[in-house]
Amino acid sequence: MNNIKEVDICCGLAWGDEAKGKIVSYLSKNGEYDFVCRWAGGNNAGHTIYINGTKFKTHLIPSGIFYGIKSIIGPDCVVNIDAFFEELIYLEQNGFNTDLIKISPRAHIVTEEHINEDKSKYSGKLGTTSRGIAPCYRDKYARTGTRAFEIKELQEYIWDENLYGKVLCEGAQGFWLDINYGNYPYITSSNPLPYGACSLGFSPKLIRNIYGACKIYDTRAGTDPEFPEILLKNPELELLGILGEEYGTTTGRKRITNWLNVNKLIEAIDKSGTTHVIISKCDIVDRAKLFKFYNDNILEKYNTLDKMKKALNTILLNRCRYLKTIIYSDNHENIDLNQLI
């Protein structure tokens, strides 16, 4: 671990589905990183990657695999063995080198019992993904769980826990799904915040940049009183959802759409220590000609996307302590190179 030069982190600033996969994909392209690592969650997450126009999806395996980079599933992740091997086959069939994929020996195993319990107790009431994540984490902290190194099927994939060079950490879910900061109990069972990445075994002093992902409007999959179903009846928000194809990568569930809440975004940026915020789906509001966001509970409206961006820049740069750069994205595959510093 002493050979690590620096660490960059990509995290979600909202309720997941913020295009983190696109950001990690872009950052991985330049060949700068020796590792791309997931630090939390399981196959309840979903990342969509476009490479030369072709769409790929992963749920557990880090996006570095698409660029020939060692890809680590960290100690605070939970692993469904069947889902893991299904993803390996999918990647192999598409020509990617799965020898680069390793699992922390400390990661915990999601069992069929965990999945059945999730389906029967939590998915209906709390809107979980029915992937057995919460029961698995419960058993981890009750110290009754099973760890990856105990499973014979995974032996060839067990990580030696050695990191070196430059490391990129890939987040799952988002700030407002964090078990501490989200709208409890309508949250995930892990820590999507960047400090959780240190569970991979490095000092926080090694962190260089934190890339925070959000959209120019808010969306939420699953149950949450802060996103009441009445929002689905708002024709303008419905249009954003249709144009933005707002369906969950993992479950296919329709996401509830709302206007961007700038105050929650500011809190997420500040508490996560985000240095570079990437705001995606700008093309969607431009196509819909709907330029609105909530600021101090007032719905502000603008005539053009440029005016909306200018207002957001002023608010965020004045009120976010660590923020250096705001990047607007209207492309599902790339980020504008000229914006990223």
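Worth saying up front: this structure is predicted, and the values here are computed from it rather than measured. (Residues numbered from 1 in each chain as written. Predicted model: local features only at pLDDT ≥ 70, side-chain atom pairs only at ≥ 80, totals over all residues. Heavy atoms only, no water.)

Student: How should I be thinking about the sheet that holds strand β11 (residues 217–220) in this particular structure?
Tutor: Within the open sheet, the 4 strands sit side by side as β11-β12-β14-β15. Their pairing is mixed. At either end of the open sheet lies a strand with only one pairing partner, and these are β11 and β15 (298–302). Strand-to-strand twist in this sheet, taken as the mean axis angle between neighbours without regard to direction, amounts to 45 degrees. Relative to strand β14 (residues 291–295), strand β12 (residues 256–261) runs parallel, the two being bridged by 2 bridges. Residue pairing for β14: Asn 261 is matched across the bridge by Tyr 294. Contacts between helix α5 (residues 235–243) and the sheet are confined to β11, β12 and β14, with β12 contributing the most and set at about 105 degrees to the helix. Together, β12 and β14 form the strand contacts of helix α6 (residues 262–272), whose direction differs from that of β12 by roughly 75 degrees. (Pairing = 2+ DSSP bridges. Helix = DSSP H or I, 4+ residues; strand = E, 2+ residues; numbered from the N terminus. Axes fitted to C-alpha atoms, helices over the stretch in contact; angles between N-to-C directions. Contact = heavy atoms within 4.5 Å.)

Student: When you look at the pattern of salt bridges in this model, what are you seeing that I'm missing?
Tutor: Opposite charge on two side chains permits them to pair, given that their charged atoms come into close proximity. A full pass over the atoms with the stated rule returns 20 salt bridges. One salt bridge in this structure joins Arg 138 and Glu 117, with 2.5 Å as the shortest N-O distance. One end of the pair, Arg 138, is in helix α4 (residues 133–141); the other, Glu 117, is in helix α3 (residues 112–126), with 21 residues separating them in the sequence. Overall, Glu 117 belongs to the buried group, its relative accessible area being 15%. For Glu 246, the salt bridge goes to Lys 281, with nearest N and O atoms at 2.7 Å. Within this pair, whereas Glu 246 is found in the loop between α5 and β12, its partner Lys 281 is found in the loop between β13 (276–280) and α7 (282–288), the two being separated by 35 residues in sequence. (Salt bridge = Lys/Arg side-chain N within 4 Å of Asp/Glu carboxyl O. Buried < 20%, exposed > 50% of the residue type's maximum accessible area, 1.4 Å probe, protein only.)

Student: What is the right way to look at a negative patch on the surface in this model?
Tutor: A surface patch of like charges, here negative, comprises Asp 82, Glu 86, Glu 112, Glu 113 and Glu 153. Going through the elements one at a time, α2 (81–93) and α3 are the ones with two or more residues in the negative patch. Mapped onto the fold, Glu 112 is located in helix α3. (Patch = residues over 30% accessible without salt bridge, like charges linked within 9 Å, V, L, I, M, F, W, Y side chains within 5 Å. Areas by Shrake-Rupley, 256 points an atom, 1.4 Å probe, with all protein chains shown as cover. Lys, Arg positive; Asp, Glu negative; His and termini not counted. Charge placed at Lys NZ, Arg CZ, Asp CG, Glu CD.)

Student: So what exactly am I meant to see when it comes to the packing of α3 against α4 here?
Tutor: Two packed helices can be described by the angle between their axes and the distance between those axes. It is the contact of α3 with α4, at a shortest axis distance of 7 Å, that shows an interaxial angle of 115 degrees. Residues His 114, Glu 117, Asp 118 and Tyr 122 of α3 touch α4, and the partners they reach there are Ile 133, Pro 135, Cys 136, Arg 138 and Asp 139. Its residues placed into classes, the contact of α3 with α4 shows 4 nonpolar, 1 polar and 4 charged. (Nonpolar A, V, L, I, M, F, W, Y, C, P; charged D, E, K, R; others polar.)

Student: Just checking my understanding: could you explain the sheet that holds strand β9 (residues 165–170) for this structure?
Tutor: Adjacent strands of a sheet form backbone hydrogen bonds with each other and so pair up, either parallel or antiparallel. Strand order across the open sheet formed by 8 strands is β7-β5-β2-β9-β1-β10-β13-β16, with parallel pairing between neighbours. At either end of the open sheet lies a strand with only one pairing partner, and these are β7 (101–103) and β16 (325–328). Neighbour-to-neighbour, the strand axes of this sheet turn through a mean angle of 20 degrees, independent of strand direction. As paired strands, strand β2 (residues 35–38) and strand β5 (residues 70–73) are joined by 4 bridges and run parallel to one another. Counterpart to Arg 38 in the pairing with β5 is Ile 73. Across the face of the sheet, helix α8 (residues 305–319) comes into contact with β13 and β16 while running at roughly 155 degrees to β16.

Student: Any chance you could explain the packing of α6 against α8 here in plain terms?
Tutor: Viewed as axis vectors pointing N to C, α6 and α8 meet at an angle of 40 degrees, and their least axial separation amounts to 10 Å. Here α6 is positioned oblique relative to α8, judged by the angle of their axes. Note that α6 runs across α8; the crossing there is right-handed. Contact residues: Val 262, Asn 263, Leu 265, Ile 266, Ile 269 and Asp 270 in α6; Leu 312, Ile 315, Leu 316 and Arg 319 in α8. Across the contact of α6 with α8, the residue classes tally to 7 nonpolar, 1 polar and 2 charged. (Parallel < 35°, antiparallel > 145°, perpendicular 65-115°, else oblique. Left-handed = near helix turned anticlockwise from the far one by under 90°.)

Student: Would you mind going over the nonpolar core with me for this structure?
Tutor: Judged by nonpolar contacts, the single largest core of 58 residues is most densely connected at Leu 163, Cys 169, Leu 200, Ile 216, Leu 240 and Leu 316. If you tally residues by element for this core, the top one is α8, at 6 residues. In terms of nonpolar packing, the next biggest core, distinct from the first, is built from 24 residues, Leu 60, Val 79, Leu 91 and Ala 148 among them. (Core = buried A, V, L, I, M, F, W, Y, C linked by side-chain atoms within 4.5 Å.)

Student: What is the right way to look at the pairing of β11 in this model?
Tutor: The two faces of a sheet get side chains in turn, since along a regular strand they alternate between them. On β11, burial covers both faces: Tyr 217 and Thr 219 on one face and Asp 218 and Arg 220 on the other are all buried. Bridge count for β11 against β12 is 4 bridges, and the pairing is antiparallel. Bridge pairing in β12 links Thr 219 to Thr 257.

Student: Looking at this structure, I do not really get the pairing of strand β3 (residues 47–51). What am I missing?
Tutor: Of all 5 residues in β3, 4 are buried, a share of seventy percent or more. Pairing of β3 with strand β4 (residues 54–58) involves 5 bridges; the strand directions are antiparallel. For Thr 48, the partnering residue across the bridge sits in β4 and is Lys 57. Connecting β3 to the antiparallel partner β4 that follows it, the hairpin turn spans 2 residues, and Asn 52 within it adopts a positive phi of roughly 50 degrees.

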